[in-house]
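What follows is the residue order along each chain.
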Amino acid sequence: MRETIQQWIADAEAELSETFAYYDRIRGVNQRKVIRGMQSERLASSDFHWTTGYGYGDAGRDKCERIFAEVFETEDALVRPSIASGTHALTLTLQGLLLPGDEMVSISGRPYDTMQKVIGLTGEEPGSLSEYGIGYKDVPLKEGHFDLDAFAGVITEKTKLVLIQRSSGYSLRAAHLISEMKLAIERVRQIHPDVIIMVDNCYGEFTDQMEPSQIGADVTVGSLIKNPGGGIAISGGYIAGKAPLIERIANRLTAPGLGKECGLSFGTTRLTLQGLFFAPMVVANAMKGATLFGHVFDRLGYSVFPGRDTKIRSDIVQGIILEDPAAVIAFCRAIQRASAIDSHVEPHPWEMPGYEDQVIMASGGFVEGSSIEMSADGPLRPPYAVFYQGGLSYDQCVFALEEVLVSMVEEGFIELGLS
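Computed from a prediction, not measured in an experiment: that's the story for all the values here. (Residues numbered from 1 in each chain as written. Predicted model: local features only at pLDDT ≥ 70, side-chain atom pairs only at ≥ 80, totals over all residues. Heavy atoms only, no water.)

*Asks:* So, the sheet that holds strand β7 (residues 237-241): which residues are in play, and what are the values?
*Replies:* If you trace the seven strands from one edge of the open sheet to the other, you get β1-β7-β6-β5-β4-β2-β3, paired in mixed fashion. Only two strands of the sheet have a single neighbouring strand rather than two, namely β1 (76-80) and β3 (135-138). Taking the axes of each pair of neighbouring strands and ignoring which way they run, one obtains an average angle of 20 degrees across the sheet. Both strand β5 (residues 196-200) and strand β6 (residues 219-223) contribute to a ladder of three bridges, which runs parallel. Across the sheet, Val 199 pairs through a bridge with Thr 220, a residue of β6. Each of β1 and β7 touches helix α3 (residues 59-71); the most contacted strand, β1, lies at about 125 degrees to it. (Pairing = 2+ DSSP bridges. Helix = DSSP H or I, 4+ residues; strand = E, 2+ residues; numbered from the N terminus. Axes fitted to C-alpha atoms, helices over the stretch in contact; angles between N-to-C directions. Contact = heavy atoms within 4.5 Å.)

This is the structure we're talking about:
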């Protein structure tokens, strides 16, 4: 059985050689971008020292933020270990830019589950945007893509901010491509030139040669324990964009008048920048792993997104519709067994904070919850899809795929005769 599975994987790798070479070219472009950013700021070993107390005069922290701004081609950036997650970074941005009475519009449909809590769409969470009187509307996607014709009926002069979620979240679609987001941003500008355009960039960094901030987004937001942290950053998030917007967001993080001037780096600057250095390579490995998973499961007859023939990806996530909650659990447990850390732990579905449905999550990473490290998760709701992402090493992705297939054959979800 294992030899047959290994042959399936080898056949898929051969068919994907051109796609993998394309990912390597993207890696090269982004690696140069990161190195040049560090060189232009004259990054030095002395920049990894840090201050205490209020954090005043932390030159390394400030240089790190300038490097992020240069890499993302923005006026300014906020990069802090005190940002706990991608959801926290997004919330901080929305709270910094929106005031009571303002309105935000999501043009990529309903946002990710945790963001629905932040906005106030599910439950009555204290501190949600709705509690502060901030309005919300969205434009449903049309067959997984932006409905450009519908924008004018929703975005008005009252709209203060437009949100784009790049990745799929738990929706059954591929991530929005840079080319698609560019068209959407241009359409929004035609309707309302002065609106703030914000992109949730989680899982998307370095999957293309350009970032949303380079195609017209005013502010781009993500997590350091996803793509840009390269599996090395131990915490944090980034917000890159126009200087006046970053100033407002920084004032929300600390206090008006303090902004970016205070806030400890806690000695994480070296880890943050070392992770950024490795990020283009790690993201390329993750894209190869995700593409391999999608290709093999498509050959086995499962619906996958992005599809098997997709060459251009816009995030590191591979969705697979398994149509059976037991199959989702078996998949995630096999990923956990293939992990370097906590391989002996068996994940179970649970009521994860911020989610309406039970979620099962496999994540055996050196950094807990690091989505750029190999992981898999999914909500236990129809059509029972699993979302695989990450992989610091492509070889681990191959090993994990083999373990998943062996497990699903043994548990009767896959028949060896399929190819």
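We are not done yet, so read on.
*Asks:* So, the nonpolar core: which residues are in play, and what are the values?
*Replies:* Formed by 80 residues in total, the largest nonpolar core has its most connected members in Phe 297, Leu 322, Phe 331, Ile 335 and Leu 405. Ranked by residues supplied to this core, first place goes to helix α8 (residues 269-299) with 11 residues. Ignoring sequence-local partners within four residues, the contact set of Phe 297 consists of Tyr 302, Val 304, Ile 320, Leu 322, Phe 331, Leu 401, Val 404, Leu 405, Met 408 and Ile 414. Within the second largest apolar cluster, 26 residues are counted, among which are Leu 98, Val 118, Ile 119 and Ile 246. (Core = buried A, V, L, I, M, F, W, Y, C linked by side-chain atoms within 4.5 Å. Buried < 20%, exposed > 50% of the residue type's maximum accessible area, 1.4 Å probe, protein only.)

*Asks:* Quick one: what's the story with the sheet that holds strand β9 (residues 317-321), residue by residue and with numbers?
*Replies:* In spatial order, the strands read β8-β9-β12-β11-β10; together these five strands make up an open sheet with antiparallel pairing. In this open sheet, the two edge strands, each paired with only one partner strand, are β8 (303-305) and β10 (359-363). In this sheet, adjacent strand axes meet at a mean angle of 15 degrees when their direction is disregarded. Note: β9 against strand β12 (residues 385-389), five bridges, orientation antiparallel.

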